[in-house]
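Analysis of the macromolecular model
Below are the chains, spelled out letter by letter.
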Amino acid sequence: MDVETFLETRLDRAAIPLAVGDIVAIVVVLTIGANQHNPTDFLIENPLYLLGIYAPFLIGWVLVAPLIGAYSPGAVESAKASVPLVVRSWVPAALIGLGLRATPFFHGGVQAIFVVVMVVTGAVALAVWRTLYFKLR
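Below is a summary of the structure that appears in this document. What you see is a predicted model, and the numbers here were worked out from it, not measured in a lab.

1. Here's the deal with the pattern of salt bridges
All told, the structure shown has 1 salt bridge when counted by the stated rule. Among the ionic pairs, Asp22 bridges to Arg130, the shortest N-O distance being 2.6 Å. With Asp22 in helix H2 (residues 16–37) and Arg130 in helix H6 (residues 112–136), this residue pair connects regions lying 108 residues apart in the sequence. Judged by its relative accessible area of 0%, Asp22 falls in the buried class.

Take a look at the structure:
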């Protein structure tokens, strides 16, 4: 299978709203978490701090989600097909994000409880978002 054929099975233009919503859901989860550990004034005055929090997880998401099929033709058919794909995509994407966060390039570090919180809250947020998307469209 060549790259073009592989991408055709993994990417569907109809999934663009899903991609936008997924990114918003991830950013919302990360923003809520950042706000739990930092004063709101600090976050407003230091927008690059938030970008440093978002970047590792969004990098993981962009690398993994298309490969697993989060934006495949099947993902746009129904919540029944879409939700498992987004959760299966989030777990390795979050682990990549956590791994990147543990490097000197990003601030934060990784504790065991944070791994659990990120994997679970991210998966729940993405699943809820996609379920609502299919119920409301």
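2. Details of H6
In this model H6 runs 36 Å from its N-terminal to its C-terminal C-alpha over 25 residues, within 8% of the 36 Å that 1.5 Å per residue would give. For H6, the full list of buried residues reads Met118, Val119, Gly122, Ala123, Leu126, Ala127, Arg130, Tyr133 and Phe134.

3. Quick look at the nonpolar core
Formed by 31 residues in total, the largest nonpolar core has its most connected members in Leu18, Leu30, Trp61, Tyr71, Trp90, Met118 and Leu126. The greatest single-element share of this core, amounting to 7 residues, is contributed by helix H4 (residues 47–68). With near-sequence residues (within four places) excluded, Trp90 lies in contact with Ile26, Phe57, Trp61, Met118, Val119, Gly122, Ala123 and Leu126.

4. Concerning empty space enclosed by the protein
A full pass over the atoms with the stated rule returns 1 cavity of 30 Å³ or more. The computed volume of the largest cavity comes to approximately 40 Å³. Secondary structure elements with two or more residues in the lining of the largest cavity: H2 and H6. When grouped by side-chain class, the residues that make up the lining of the largest cavity number 8 nonpolar, 1 polar and no charged.

What counts, and where the lines are drawn
Residues numbered from 1 in each chain as written. Predicted model: local features only at pLDDT ≥ 70, side-chain atom pairs only at ≥ 80, totals over all residues. Heavy atoms only, no water. Salt bridge = Lys/Arg side-chain N within 4 Å of Asp/Glu carboxyl O. Helix = DSSP H or I, 4+ residues; strand = E, 2+ residues; numbered from the N terminus. Buried < 20%, exposed > 50% of the residue type's maximum accessible area, 1.4 Å probe, protein only. Expected span 1.5 Å × (residues − 1). Core = buried A, V, L, I, M, F, W, Y, C linked by side-chain atoms within 4.5 Å. Contact = heavy atoms within 4.5 Å. 1 Å grid on protein atoms, 1.4 Å probe; cavity = no way out; pocket = protein on both sides within 12 Å on 5 of 7 lines; lining within 4 Å. Points joined across faces, edges and corners; volume = space filled by probe spheres on them. Nonpolar A, V, L, I, M, F, W, Y, C, P; charged D, E, K, R; others polar.

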